[in-house]
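The primary structure of each chain is shown beneath.
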Amino acid sequence: MDVIETVVVAFWAMLPAYVPNNAAVLFGGGRPIDGGRTWGDRRLLGDGKTWRGTVGGTATGLALALALNAVQPAATDVLAVPVPEFPIVAAVTLAAGAMAGDITASFIKRRSGRDRGAAFPGLDQLDFVVGALVPTAILAPGWFGETFTAPVLAVVLVLTPLLHVGTNVVAYYLGLKDEPW
Ligand code: CTP
Ligand code: K
Ligand code: MG
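The rules behind these values
All residue numbers here refer to positions counted from 1 along the written sequence of the relevant chain. Each chain is given a letter, starting from A, and each ligand a number, starting from 1, according to the order in which they appear as written. A pLDDT threshold of at least 70 governs which residues receive local features in this predicted model, and a stricter bar of 80 or more applies before side-chain atom pairs are shown or counted, although totals over entire chains, interfaces and linings include all residues. No hydrogens and no water enter the side-chain calculation; it runs on all heavy atoms of the structure. UniProt positions are given in the numbering used here, feature names are shortened, and annotations may be inferred rather than shown by experiment. Centres within 6.5 Å make a pair out of two Phe, Tyr or Trp rings, where for Trp the six-membered ring is used; the pair is then stacked when the planes are under 30 degrees apart, edge-to-face when over 60, and tilted otherwise. Secondary structure elements follow DSSP: runs of H or I no shorter than four residues count as helices, runs of E no shorter than two count as strands, and numbering proceeds from the N terminus. Partly exposed describes any residue whose relative accessible area lies between the buried limit of under 20% and the exposed limit of over 50%, with all areas from a 1.4 Å probe on protein chains only and scaled to the type maximum. Think of it as a cone above the ring: NZ of Lys or CZ of Arg counts as a charge over the ring if it is within 6 Å of the ring centre and within 35 degrees of the ring normal.

- The name given to the chain in an unreviewed UniProt entry is CDP-archaeol synthase, with Halapricum hydrolyticum as the source organism.
- The UniProt entry for the chain carries the following text under Function (unreviewed entry): "Catalyzes the formation of CDP-2,3-bis-(O-geranylgeranyl)-sn-glycerol (CDP-archaeol) from 2,3-bis-(O-geranylgeranyl)-sn-glycerol 1-phosphate (DGGGP) and CTP. This reaction is the third ether-bond-formation step in the biosynthesis of archaeal membrane lipids."

Side note on the packing of aromatic side chains
So, point 1. Inspection of every chain in the model, using the stated rule, returns 7 aromatic pairs.
So, point 2. Centroid distance W39 to F107: 5.8 Å. Interplanar angle 40°. Geometry classified as tilted. Residue W39 is located in strand β1 (residues 38-39), and its partner F107 is located in helix α3 (residues 88-111); the two are separated by 68 residues in the primary sequence.
So, point 3. By relative accessible area, F107 is classed as partly exposed at 29%.
So, point 4. Seen in terms of ring centroids, Y172 and Y173 are 5.1 Å apart; in terms of plane orientation they differ by 75°. Their pairing is edge-to-face.
So, point 5. An aromatic cluster is built from F86, W143, F144 and F148, whose rings are joined through pairwise contacts.
So, point 6. Above the plane of the ring of F120 lies R114, whose end atom (NZ or CZ) is 3.8 Å from the centre.

Next up, the structure:
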């Protein structure tokens, strides 16, 4: 695969993990997951992690994976790149894992004294990547190995922070997000 093909495969394979965080912003609101509970003098997770956002974000990622599967043969033809089909297990681990990674990051942020919305460079851009890929590698190892080759993984690690920063700046200027990160 050349560089363009590798980028297309990386982007396609990560879409079900990219979309949940952005969808959660649209669904967010209502009861926080931690129910307002604190650990020491800080919230366990904070008001930025809600049931609605988490369920809505995961469902959106899952629906996207199924939609991508429906157009996968056509996309492979049109793009002339063999984009992957998502096994249902991988669709779930990518979407739910991305949300779990983001929630884990909020836990770490609160423990390290950062209030809701505070930036944590590095963690903010990669929490959902690690959250999505680790359970996928464990629960769908065959598919993971075929899809996330070393070059594809390298592209994911470079492309993701760029896309994350870009989409959050756009969401901020659209008034959807309170901070541009
Ligand atoms: N959101 C949600 N549930 C999630 C993730 C996000 O409801 N599991 C919504 C919340 O409205 C949140 C917004 O999406 O405020 C933006 O997400 P994010 O930047 O991850 O949350 P923050 O509010 O910045 O909180 P934190 O500092 O804990 O990341
Ligand atoms: K976040
Ligand atoms: Mg934030």
